[in-house]
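# Examining the three-dimensional arrangement
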Amino acid sequence: MQWVRRVMEADDGYEPDPARVVEVANVGPSVGGFLVQQLWQAGIRAELAERYPTYGGVLRFSIFCLEADRERAVEIIDAALAKQRS
């Protein structure tokens, strides 16, 4: 068990690249544009891209932004979705 813990907690040397584009959400078509607009209003440059569903699959969209904005973008998305649910 100690071996597993050592491997899982080891530093892999990963350092975030602030200029790298990352996916921050996988959403349905009804909220994709709304969430990107929320990110833009918060000063985060975000883009929406259609995901190609498999045969008979559900249409989904990915939201992308820079890795430097990832944490803030996820917080904004989570807050916007929570607000819509209430």
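Details of the structure are given in the entry above.
First, a word on what this report is: a plain description of the structure on this page. (Residues numbered from 1 in each chain as written. Predicted model: local features only at pLDDT ≥ 70, side-chain atom pairs only at ≥ 80, totals over all residues. Heavy atoms only, no water.)

## Notes on the overall build of the chain
Scanning the chain from N- to C-terminus turns up 3 helices and 3 strands. Each helix and strand of the chain, placed in order from N terminus to C terminus, yields the pattern α-β-α-β-β-α. Computed over the C-alpha atoms, the radius of gyration of the chain is 16 Å, more than 25% above the 12 Å expected from 2.2 N^0.38 for a compact globule of 86 residues. In terms of overall dimensions, the chain has a C-alpha envelope of 45 × 35 × 30 Å along the principal axes. When each of the 86 residues of the chain is scored for burial, the buried share is 26%. Approximately 6,700 Å² of the chain is accessible, and the part contributed by carbon and sulfur atoms is 54%. Of note, the chain has its 10 positive side-chain charges centred 6 Å away from the centre of its 13 negative side-chain charges. (Helix = DSSP H or I, 4+ residues; strand = E, 2+ residues; numbered from the N terminus. Rg over C-alpha atoms; globule rule 2.2 N^0.38 Å. Buried < 20%, exposed > 50% of the residue type's maximum accessible area, 1.4 Å probe, protein only. Areas by Shrake-Rupley, 256 points an atom, 1.4 Å probe, with all protein chains shown as cover. Lys, Arg positive; Asp, Glu negative; His and termini not counted. Charge placed at Lys NZ, Arg CZ, Asp CG, Glu CD.)

## Notes on the nonpolar core
V24, V27, L35, L39, I63, A73 and I77 are the most contacted members of the largest nonpolar core, which has 17 residues in total. For this core, the secondary-structure elements that each account for two or more residues are β1 (21-27), α2 (29-41), β3 (60-66) and α3 (70-85). In contact with V27, other than residues within four places in its own chain, are G32, L35, R60, F61 and I63. (Core = buried A, V, L, I, M, F, W, Y, C linked by side-chain atoms within 4.5 Å. Contact = heavy atoms within 4.5 Å.)

## Side note on the sheet that holds β3
Spatial strand order, β1-β3-β2: 3 strands in an open sheet with antiparallel pairing. Among the strands making up the open sheet, the edge pair consists of β1 and β2 (46-51). Averaged over neighbouring strand pairs, the angle between their axes works out to 30° when direction is ignored. As paired strands, β1 and β3 are joined by 6 bridges and run antiparallel to one another. Bridged to V22 within β3 is C65. Lying over the sheet, α3 contacts β1 and β3, oriented at roughly 15° with respect to β1. (Pairing = 2+ DSSP bridges. Axes fitted to C-alpha atoms, helices over the stretch in contact; angles between N-to-C directions.)

Honestly, it's all geometry; don't read function into it.
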